[in-house]
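Architecture at a glance
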Amino acid sequence: MVPGARVPADGVVAEGRSHVDESMVTGESAPVAKRPGDAVIGGTVNNGAPLVVKACPRPPARLLPC
């Protein structure tokens, strides 16, 4: 994912380090640091550096990835 792109689905960061704007989901105004192994939420925005995200299967009403 390039900076400025929306996270397409809930998943886990596989490569890279960045900051993600989760305000539309969590209400947190400050971007959240992400590194390999951290969860990302679909619909949030990558604000820093490129990330590789592994998407997880999403059962109904699931917010956080596997």
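To start, this report covers the structure provided alongside it. Because the structure is predicted, anything quoted here is derived from the model rather than measured.

Basis of the calculations
Residues numbered from 1 in each chain as written. Predicted model: local features only at pLDDT ≥ 70, side-chain atom pairs only at ≥ 80, totals over all residues. Heavy atoms only, no water. Helix = DSSP H or I, 4+ residues; strand = E, 2+ residues; numbered from the N terminus. Buried < 20%, exposed > 50% of the residue type's maximum accessible area, 1.4 Å probe, protein only. Contact = heavy atoms within 4.5 Å. Polar contact = N/O pair within 3.5 Å; in protein donor to acceptor, adjacent residues only side chain to side chain.

A look at the side chain of glutamate 22
By secondary structure assignment, the location of glutamate 22 is in the loop between β2 (18-21) and α1 (23-26). Looking at glutamate 22, the relative accessible area reads 8%, which means it is buried. The contact partners of glutamate 22, leaving out residues within four places of it in the chain, are Gly27, Glu28, Val32, Lys34, Ile41 and Thr44.

Re the environment of alanine 5
Mapped onto the secondary structure, alanine 5 falls in the segment before β1 (11-15). As a C-alpha pair, alanine 5 and valine 45 span 40 residues in sequence and 5.7 Å in three-dimensional space. Those residues in contact with alanine 5, other than ones at most four positions away along the chain, are Thr44, Val45 and Asn46.

Notes on the environment of aspartate 10
For aspartate 10, the location among the structural elements is in the segment before β1. A C-alpha to C-alpha distance of 4.4 Å links aspartate 10 and glycine 42, two positions 32 residues apart in sequence. One polar contact links the side chain of aspartate 10 to the main-chain amide nitrogen of glycine 42, over a distance of 2.7 Å.

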